[in-house]
Structure formats: C-alpha cells, structure tokens
Amino acid sequence: MKYIAGFLLLTLLTACDVWNNPYPSADAGKAILYTAFTERPKHLDPAQAYSENEYAFLANIYAPPLQYHYLKRPYQLVPQAADSMPVITYLDSRQRQLPADAPAEKIAFSVYEIHIKPGMHYQPHPAFARDAQGLPEYFHLKPADLNDIHAPGDFSHSGTRVVTAADYVYQIKRLANPQLHQPIFGVMSEYIIGLKEYAQTLQQTLKKHPDDFLDLTALPLPGVTVVNETTYRITIHGKYPQFAYWLAMPFFAPMPPEAERFYAQAGMKERNLTLDWWPVGSGPYYLSQNDPNRLMVLSKNPDYHSELYPAEGEAGDLPAGLLADAGHPLPLTDKVVFTLEKETIPYWSKFLQGYYDASGISSDSFDQAIQVTGGGEASVSGAMQAQGITLSTSVATSTLYTGFNWLDPVVGGCGRHIPSPQSSPLMDESKQSDSTCNPERARKLRQAISIAVDFEEFISIFANGRGIAAQSPIPPGIFGYREGAAGINSVVYDWVNGAPERKPLTAAKRLLAEAGYPDGVDEKTHQPLVINLDTTASGVGDKAHLDWMRKQFNQLGVQLVVRSTDYNRFQDKVRRGDTQMFYYGWNADYPDPENFLFLLDGAQGKVNHGGENASNYSNPEYDRLFNEMKNMENSPDRQLIIDRMLTILHDDSPWLWGYHPKNYVLQHGWLYNVKPNVMATNKLKYWRVDAKLRDERRAQWNKPVLWPLWLGGSAMLLFALWIWHVLRQRENARSLQDNSPV
Amino acid sequence: MYCASARTPAACKITPPYNIRMIAYLIRRLLYALPILIGVNLLTFALFFVVNTPDDMARMQLGVKRVTPEAIVLWKQQHGYDKPLMINHAAAGAKQFTNTIFWQKSASMFVLDFGYSDDGRNISREIVTRMGPSLSIALPTFLAGLVIYVSFALLMTLFRATALDIAGVTLCVMLMSISGLFYIIGGQFLIGKLWHLVPVSGYGGGGFKFVVLPVVIGIIGGIGSSSRWYRAIFLEEIGRDYVRTARAKGLSELQVLFIHVLKNAMIPILTGVVVVIPLLFMGSLLTESFFGIPGLGSYTIDAINAQDFSVVRAMVFLGSLLYIAGLILTDISYTLVDPRVRLS
C-alpha cells in the first residue's frame, strides 16, 4: 500500500512540468491578461466610485461619452461612447446664443449637446432578460427565488439592450441620489442646472415614501434633457471648460434604470447583489467574477463592437510597434484576471516567474530590476533583459509637497482664521496672535527653508531617483508647465549650464538672517527657532527620511520637531489649521492647470472654507488671476497668466514644492501595446498578449527543483533509521541488564 | 432513591444523574458568557471610539478628495453613526440607551445578526464565505502540527539528557527566536521562488498546492515553542511512580512513553489545545495577508485599516464567542480523558 501511495505521489508530481502555476491549466494558451490589485475596491457603482483602485475596474466596464487618446500627447479628449466631441453652445442670462469666443463673464449658461453612437449594447445581464411575453423576467423575485443565486451569472437567463441617451441622463440624476455616497455632487451641483434642487426633491420624496423604490425616471432634472434616442443635453452655469474632462469619467457613463430596479428587490442586498458590487455597463469588459477577497475577473463584453484600436499616435509610436494593431476591434484580450496581492514580495516573485504580465517596482526590488547609466538614464538590469523584460517610465500627474500653514504666525502669511464651531479654543487663541506675525519675515523664512531642503537628494535616496523635483504645483505634461530656464523656480534655483541648480546654502542662510533668525536663532528672543512638521509617518521605515528632513533644517541651525500622528488626527489638525508644516499630495482629476492651481486658491482654504487648499494660502492677486485663468481655453494668454501666478507662488513659497513621482512599469516580452498614460484608466482594452510565448517562457522559467525533496526525504529516513537503531540498542542493553545475575 | 452510603438523613440528598448535572453546568457556563460578551463588546466599542470618531470613519470611507461636510453628515445618517455614542440625552425613557450607536450596533449581534460593513457588504455572509479558506490552512496546520510537536517532544523526552535532547532544545530555542515573518518570506523565497515547487501565493483553483506552503510554514513556525512546552509536560510525568511501575512490568521505553506518559499528560495538553480549536475559524492575520488567502484573519486586518467598526466589532464578538466555546469544550474534554473529572 505504501509503495502504491508513493508511486501515485511521484506520478502526480511529475505529471505536469510546472507545479507553481497559480492559474488553472485549462487557461493556457488563451488571450488572458494577468494582473493584480493590492486593495479591494470599496465601490463599483459609477456614481459612488472615485478612487484609483476602483477605476482600475470601472473604467473598463463603463463607457462614458469621452476618453483620453491612448497614444497622443499632450493628453487630449476623444469620443468613446459619443460619436463626436460634444457641441458646446454658450448662452447669456436671457438664453440668447453667444459666439464661441464670448468673454467668460458674459456666458450665463453652457449647453453641451452629446450624440452617442447608435447601436451600442449593454453587457449580458439578468436585468435585461425577458420572458415569452416580452416582459422583464426577473423583476418580481421573492427572497426564496434567490436561494441558489450568488452572482448575476447564476440566473438562468440574461439579455441585453441598446444604450440610449436616456440612460446617460439617468446616471446624471443618480449623482444627486441621497441614498448614495456622492463624491462629486458638491462640484456638479455648482454647475449642472437644477442638480442641487433635484437632490432636495429626492430627499423629500424619500421622506414621504421611505420604503418605496426611488424612481428617478419619473422626476425630471431641468439641466439634463433627452433630445432623442441618441442625443442629450447638459446645461451648466457659466463657462466651465474643464467640464469636458468630467465627461471622460465613469460618473457620466450610462446606467440602465432596470439595473437599479433589479438590484432593489428584496433579498438581493443580503446576498451582496447590488449595483455597487455587480456593475452593469456597456464598456469593453464586464465583471464576470467578483470575489474582492481573492480574485476579480473581467470578461470581454460580447456586445461591445463600437471601438477600434487608434490609427494615429505620436511620432515614435509606429517604430515602437504601437500602431501594429491599428484598426483592430477592441478589446484585444478575452479576459483580464486580477488577483489580490497585498504584499509586494509575492507580487514581484510571481511577476519574475511570468505569472503577472506587468508590474511596478517596489523599493526592495529596485536594485535588482533597474540599472542607472552614467548619464542618469534608467534601464532594466541584465537579469531582466535576459528575461525579455522591458521598462516604461512616465511622470505622474501628481505632486507630493510639504505645505506651510498660512495661518501660522511664524511660517504663515498672517492670514486670519475665522473660528468655526469645530475649532478648539486653544487653537483659536494661537491663531489670533497675528500681532506677532511679520509677513515679510515669514516669507524669507519659507524661502530659506525652500532652498535648504534638497529634494533632488531626497528623490535620489528615498525614491530611487523616481521623480523630478517640482518647480511649481504643475507637473510636466500639463498645460502651463514650462521646460528650461523659463520654468524654474528662481527663488530656489539658478539656471547653470543648461540645467537648474539649487542655490547654495549660503543663500538660504542669508535669507534666514534677513528674516531675523541668524544661524537659526531668533534675534529678538535669542531662542533657537523650532518648527513643527506634522506627518502620518511613524513607522520604523519612516525614521530615515524624517532624520534626513531634520538634517536639512539643522544645516540652517533650525530645529525641526516631527509630530507623527495617526491618519485621523493628522487630517483633523490640517482641517483645524493646527499645523506649521505638513506632508501632503495631490493626484490630478484631469490634465488641466486649474486642477493644480486651485489647490492654492484662497476660496478653497481648508480651515475657513473646507476646500482643498490645505495650506490655507491666500493672496488676492493670485486669486484674481486664478479666477481669470480657470475658464480660459489653453492659449498663449492663458500661459502668460499662469506664468504670473507661478511667479507669485515662487515668491510667497507657501509650499516646499516637493517632487512629481515617476512611474516605472516593467512588462514581459509577450505583452504588446503598453504605453504609459497616466490619465487614461481604461488602458486594458488596448493591450495584447502572445499567450503561446508566455506559456513557453513560464515552462522554461518554472521547472521544479526536485533535489531538495529527495535530500530532505532521505535525511528524514536516515534519521528515523538511526533513532530506531539506537532504541533497539538501548532495549537490548536493558534486557541484558535485567537478565544479568545479581 | 436509595441512599446506601449515607449515615445521616441529611447527607442522603437526592442527587440528579450526572448527565443532568453536566447539562446544568453547561447552561450555567453559557449564562456566564453573557456578561463577558457584553463586557468585551463595551470595551471594543470604547477603545474603537477613543481612537476614531464617526466623522473620522466617514472621511476614511469617503476619501480625502472633495469631501463636503454635507457628505459626512449623509454618510453618518446612512450608516447609523448620527446618534450619540452611549447615552442619548435628547431621548426619554429606555430610548436614552436604545437610540444610541452602542445599542444599535451591538444588540443585534447577540442573535448573530452582524449587519453590513461600511462598504455595504453583508458581514454574516462574508464570515461564512471566509471561514472555509481560514480553516483550510488552520486545521491542517493544527492537526499535523500537534502530531509533529508531540512526537518531537516525546523524542526529546526519550533521549533526555543526551546530545540529541540538547540539540533538540537548542533547535527549539533557535526556531522560537526567529520572527514568523521570516519563515513566511524565507519559505516563499526558497520553496516558491527558487525551487518552483508550489505557487508563491494565492488561493483556490488548484486547491491543495496553495495550502502546502502556508501549512508547512505554520508548522515550522510553531515547532520551537510547542515542542518545548510538551517536552516540559512529559518530563514532569516521566518521574512519576506509575512510570516506574510500568518499567518494572518490563514495558519498553516506547510503550511507556506513548501509552502511559502520553495518556497521563493529556490534561495539560488539552488545556492548551482544545481552547484554540474554535479559534481556528478566525484564521491567521499574517499568513493570510502574505499568501493572499481570503480568510477571516485578513478580513479583520482590512477592517482595522479601513476603520470599519461594523466588521471590527463583529470579529471581536465572534472571537470572544469562540474562545468561550473553546473553554467549555476544554472542560468537557477533561471528562473524556480523565474519568475522575466530573462537571457539576
């Protein structure tokens, strides 16, 4: 019996060439893309989702009217579900049409007319299933009918239908639904006509009929109207050119009302069958498996026929092979398998084994993956090259900065804090001490610190060189960013030999002395200057970079006190203005300078207005220029205004501008059409895999190493035999002892 | 009922049969559990809300971008966090206590209705779904580990005061001194990455191959402490009179150890072992996270990170409940291995 079991085990172990394949062997050779997600999404409802990890799925499931061109740079919007770009009409306050170049202040309303492609279909879903009479098959389910149902795919029938303009209108109405978490309701209610009042109407309806299904189709929204089957109009207040960017987000994707009605039935929520977990979209993929604890699978939407691979790109795209699939129907893969990988080490190991098609690079693996040439160019290491792995890099449309609190009497601009009910009495007292504040002194202090904190060194040490030191809030690739000497922050840098060079420490010390702190000592009180930095960084891994920061301040003789705190308290301090300096960051919603420069708009002050200006910076001239710039189209005039705004910012230095991180992505040789695009979240449909090559490489790289098994087994057997032998000897000795004559 | 042994009428009380007494004992223990569960629940609630406010929870769920005060108020209303924490001074009568976050979030748990997580998923359903993966790792680790630890401890006892014993104890101390994280990362590197014997991480699909590595690592990680503990128990037993008697009867050392010593050492072994059996459902926080196993351990960690009070309180409540069940099971197991022990 033992021999048979051993034989069976040996046969089993040697039956397949690869033992460590985490995927079913039946999937070999199929056009499946393998990737990972590190955090489970909280929402998959396009009205509620707003995070990067949620868009990784949603943007491939839903089809909003617009999208970013995959290949062209700078980033530009192109139609996705729309058959052309929206037609924008400007109206004055008396609803009379204005010319396209009318000044922004004269424009009372902008009307966006959107034509969608005819004949687009939704993914197969039971909400669309019809019975023999043509009536919805699953609209009168009882909880008992759902006993064996765990996913929409468990229903016996499904159906589809044509996407209509009314579905887009329905989704915009959902943005005001008080039953949902509405991340952009605040912004959109300022623009879309009637949206604020619509939310109140819905609230009242819910109060009157709390148990009834909230039928949005019966309640019209004046600012959003259906023109015909394939056309709808959105009317917004004033001129807001950035509105088009919102039309590229899933917030504005179509939603079939029957999907919401389907999921509203009794018993659905208890089974986790909700629109928030099982999307119903018209995009290139649909969610066929949703186990956010382990695996999420997107399958090709069989009814998606509305899009082809782009035929145009940038100059280098053709030689790079990025146009080889031009004209092919999208998507180019049948399935995308997302596996939950919370830790970077197993993720990286599985990428090297060929079980993920692409990967980022963690700090732990950077030296193994990347080599930096003498000229500072990054390329993949020899070992990676041997595996056919290539690298693509891009600068993220993000900025990681250190803010000065403008309301602080030492480092701030002597802004006034308007006490709110949430403000602590202690904090109010400190913020009222404006008599001690000297704006000029504080400005020079901020400038001195801006020079002293060497972000080039920070990037080199702590980000493996993956980033570029920021000259302003605007990252490269966004209109308003200037290359070369014209774009540098002249307070911190000089232009030397064709490159920016940080000013010497002596310049910082001179500014510090002018601020009244020679060698970091207050000349009035003779006390050393102490500055507090608030951060959520508190782990062992953060110590090095916090020490580095202290060292930067020590160079000026200034003492830096790091106040590490948990996330909640940190956010609370920023909200109350209880900080001096703090770490913060921003990821762009859309590629427009307005989306970065508004972070320093006085009207967005965090403490006084609850906005996104976390440093509470306020400069009337900057605010005036911002209001002028924000509604302009990209033009030389707009660039000039931005230049003036940036000069003000450089001079005021309300932030240490920090850096713009660089994304490094590694991909295997069997993955095609990968071009970094930091704005587009619906990239998966363009990617293609050579599954045959992948299978060959996996087999080649993952041959099981058997000698440790044999060695371990043999060692254990020998040990067992030795023990047996020793025991036998002992027993024999004892027997002899017992039997020996006394 | 005839009372043969009684010498006085007072001593001759009618005592119910043992089964009845045992059931009464169990019912009593279960009733004792109620105040413990209430206390644990109260403590969890207090600790959680000392660190987080309902506003913090709302902000964590809504994200940091474009969160308006109205959105926070709405979130709290939708999730039942718009009430006072413990006492509602605005209400009258019993509603002062029932119309509070504590009552609304806690009372239903005593009928095992855990409600919904802050991201809208049914917690009971999640627990049921995730118990399987947790058990698939924890149960084999527990069973195989128990056999290996006891065998290794018996081996050291068998060769006590020899070089093998010293080597065994040294090995145990070495294994105890190493962090569990090292075993996980080292195991993934050696067995998964270098030798390609099993997947580095993952769960499902092929089943068995995903379980091997975490189970092996779990067993190795526990050898040091457990084997030393069992060795100490066996060494204490080996000096007793019944062992000398057994040897005098001519039994081999193996028979003495495996039949007599092991049986008599069962009470302390069961004390440590049975109590953890129900807790196997709760999974392992670290192992599940590193191996991508969708069990209850990773569920708890995710909930703590996401400040999801609904899940945290449910998991703490479940943990307490299972621990109490473990203690009761331990008491029952004593009666099975030692006829002298009687529950009453």
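Residues numbered from 1 in each chain as written. Chains lettered and ligands numbered in written order. Predicted model: local features only at pLDDT ≥ 70, side-chain atom pairs only at ≥ 80, totals over all residues. Heavy atoms only, no water.

Residue and element names in this part refer to chain A. Bridge analysis of strand β7 (residues 224–228) against strand β8 (residues 231–237) gives 4 bridges, and the strand direction is antiparallel. Counted as the bridge partner of V224 is I234 from β8. Following β7, the chain reverses through 2 residues before pairing antiparallel with β8. (Pairing = 2+ DSSP bridges. Helix = DSSP H or I, 4+ residues; strand = E, 2+ residues; numbered from the N terminus.)

With that out of the way, let us pick up the packing of helix α11 (residues 253–264) of chain B against helix α12 (residues 266–273) of chain B. All names here are of chain B. Between α11 and α12, whose axes approach to 5 Å, the crossing angle comes to 60°. Between α11 and α12, the angle falls in the class oblique. Contact residues: L262, K263 and N264 in α11; M266, I267 and I269 in α12. Residues of the contact of α11 with α12, tallied by class, amount to 4 nonpolar, 1 polar and 1 charged. (Axes fitted to C-alpha atoms, helices over the stretch in contact; angles between N-to-C directions. Parallel < 35°, antiparallel > 145°, perpendicular 65-115°, else oblique. Contact = heavy atoms within 4.5 Å. Nonpolar A, V, L, I, M, F, W, Y, C, P; charged D, E, K, R; others polar.)

At the interface, 71 residues of chain A touch 57 residues of chain B. Buried surface at the junction of chain A and chain B, summed over both partners, amounts to about 5,500 Å²; 51% is from carbon and sulfur atoms. If you sort the residues of chain A by the area they bury against chain B, K42, N272 and K342 of chain A come out on top, with a joint share of 10%. Put simply, chain A and chain B have 4 salt bridges between them. One salt bridge connects D302 of chain B with K342 of chain A, and the closest N-O pair in it is separated by 3.0 Å. The interface formed by chain A and chain B includes 23 residue pairs in polar contact (both at pLDDT 80 or more). Taken together, the elements giving at least two residues each to the side of chain A that touches chain B come down to α4 (185–191), α8 (344–352), α16 (567–576), β22 (581–587) and α22 (707–739) of chain A. Sort the elements by how many residues they give to the side of chain A that touches chain B and α22 of chain A lands first, with 12 residues. When grouped by side-chain class, the residues that make up the side of chain A that touches chain B number 35 nonpolar, 17 polar and 19 charged. (Buried area = accessible area lost by both parts, 1.4 Å probe. Salt bridge = Lys/Arg side-chain N within 4 Å of Asp/Glu carboxyl O. Polar contact = N/O pair within 3.5 Å; in protein donor to acceptor, adjacent residues only side chain to side chain.)

Moving on to the domain arrangement of chain B. In many reports, interface size means the accessible area that the parts give up when they come together. Residue and element names in this part refer to chain B. Per the domain assignment, the segments making up chain B are domain 1 (25–111) and domain 2 (126–337). In this assembly, domain 1 packs against domain 2 so that about 1,800 Å² is buried in total across both faces, 71% of it on carbon and sulfur atoms. Its largest share of buried area at the contact with domain 2, domain 1 owes to R29, L37 and M109, together 29% of the area lost on that side. Linking domain 1 to domain 2 there are 1 salt bridge. Across the pair D331 and R29 runs a salt bridge, and its minimum N-O distance is 2.3 Å. (Domains from an automatic or database assignment.)

Residue and element names in this part refer to chain A. Going through the model one piece at a time under the given rule, you end up with 5 cavities of 30 Å³ or more. Considered as a void within the structure, the largest cavity measures approximately 70 Å³ in volume. For the largest cavity, the full set of lining residues is S450, V453, F455, A469, A470, N489, V492, Y493, R502, L656, W657 and G658. A total of 3 residues in the lining of the largest cavity trace back to one element, the largest contributor, which is strand β23 (residues 655–667). (1 Å grid on protein atoms, 1.4 Å probe; cavity = no way out; pocket = protein on both sides within 12 Å on 5 of 7 lines; lining within 4 Å. Points joined across faces, edges and corners; volume = space filled by probe spheres on them.)

So, about the sheet that holds strand β11 (residues 335–340) of chain A. Residue and element names in this part refer to chain A. Spatially, 4 strands are ordered β1-β11-β10-β9 in an open sheet, and the strand pairing comes out mixed. Each edge of the open sheet is held by one strand with a lone partner, namely β1 (32–37) and β9 (285–291). With direction set aside, neighbouring strand axes in the sheet form an average angle of 20°.

Another aspect to go through is the side chain of S450 of chain A. All names here are of chain A. Checked against the element boundaries, S450 lands in helix α12 (residues 439–452). S450 sits in the buried class, given a relative accessible area of 7%. Each residue touching S450, except ones within four places of it in the same chain, is listed here: V492, R502, S653, W655 and L656. (Buried < 20%, exposed > 50% of the residue type's maximum accessible area, 1.4 Å probe, protein only.)

On to the packing of α12 of chain A against helix α20 (residues 636–652) of chain A. Residue and element names in this part refer to chain A. Relative to each other, α12 and α20 sit at 90°, their axes nearing to 8 Å. When the axis of α12 is compared with that of α20, the two are roughly perpendicular. Taken together, the residues of α20 that come into contact with α12 (itself represented by R443, R446 and Q447) are H650, D651 and D652. When the residues that make up the contact of α12 with α20 are grouped by side-chain class, the tally is no nonpolar, 2 polar and 4 charged.

All names here are of chain A. With an omega of -5°, the peptide bond running from R73 to P74 counts as cis. Along the chain, P74 falls in the loop between β2 (66–68) and β3 (77–79). The peptide bond linking L330 to P331 adopts the cis configuration, its omega dihedral lying at 0°. Tracing the backbone shows P331 in the loop between β10 (295–300) and β11. Positive phi, normally seen in glycine, also occurs at Q95, with a value near 65°. Examined against the element boundaries, Q95 turns out to sit in the loop between β4 (87–91) and β5 (97–98). Overall, the relative accessible area of 52% leaves Q95 in the exposed class. If you check the backbone angles, S653 has positive phi at about 45° while not being a glycine. Position of S653 relative to the elements: it lies in the loop between α20 and β23. The class of S653 is buried, set by a relative accessible area of 1%.

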